[in-house]
Amino acid sequence: MDFIADSEFLLNDFGVSNYGYELDYNYNGKKNGYRLKADGLWLRKGEGHFTYKDKLNPENNNTFRMLYITEVR
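Everything in this summary refers to the structure shown in the same document. (Residues numbered from 1 in each chain as written. Predicted model: local features only at pLDDT ≥ 70, side-chain atom pairs only at ≥ 80, totals over all residues. Heavy atoms only, no water.)

What follows covers unusual backbone geometry. Most peptide bonds are trans, and most residues other than glycine sit at a negative phi. Despite not being glycine, N28 has its phi angle at roughly 55°, a positive value. Following the sequence through the fold, N28 ends up in the loop between β2 (20–27) and β3 (30–37). (Helix = DSSP H or I, 4+ residues; strand = E, 2+ residues; numbered from the N terminus.)

Structural data, given as structure tokens:
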């Protein structure tokens, strides 16, 4: 969360994916992306191949495991 606190972005600016939070933005004429990897963002139902995402997990308190900053093509 230190990254979010020190950046111009809020966590609500990020979209939620299967692997964490994602944000694409333009900087110096290039499309860049922040990727915050975290587990436990979704409540899951079912098992094996029948597992599906139910909704965001409001109790999620898992820490971010990795931060990627990458050029998006």
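Another point: the sheet that holds β3. Note on sheets: strands pair through backbone hydrogen bonds, and any given pair is parallel or antiparallel. Taken together, four strands build an open sheet; the order of strands is β1-β2-β3-β6 and the sheet is antiparallel. In this open sheet, the two strands that pair with only one neighbour each are β1 (15–16) and β6 (66–71). Alignment of β3 against β6, held across six bridges, turns out to be antiparallel. Counterpart to Y34 in the pairing with β6 is I69. (Pairing = 2+ DSSP bridges.)

In the structure shown here, the tally under the stated rule is seven aromatic pairs. On the basis of an interplanar angle of 80° and a centroid distance of 6.4 Å, the ring pair of F9 and F14 is categorised as edge-to-face. Across the pair, exposure class does not vary: F9 and F14 are buried alike. With 5.8 Å between their ring centres and 80° between their planes, Y21 and F64 make a pair best called edge-to-face. Taken together, the residues span a long stretch of sequence, with Y21 in strand β2 and F64 in the loop between β5 (52–56) and β6 at a distance of 43 residues. Relative accessible area serves as the criterion here: at 15%, Y21 is assigned to the buried category. Following the ring pairs from residue to residue traces out a cluster consisting of F3, F9, F14, Y25 and Y34. Positioned above the aromatic ring of W42 is the side chain of K53, whose terminal nitrogen or guanidinium carbon lies 4.5 Å from the ring centre. (Phe/Tyr/Trp six-rings, centres within 6.5 Å; stacked < 30°, edge-to-face > 60°. Buried < 20%, exposed > 50% of the residue type's maximum accessible area, 1.4 Å probe, protein only. Lys NZ or Arg CZ within 6 Å of the ring centre and 35° of its normal.)

This brings us to the pairing of β3. Relative to β3, β2 runs antiparallel, the two sharing eight bridges. Of the residues in β3, the one forming a bridge with Y21 is L36. As consecutive antiparallel partners, β2 and β3 are separated by two residues, and within that stretch N28 has a phi angle of approximately 55°, a positive value.

The analysis is restricted to geometry; functional conclusions fall outside its scope.
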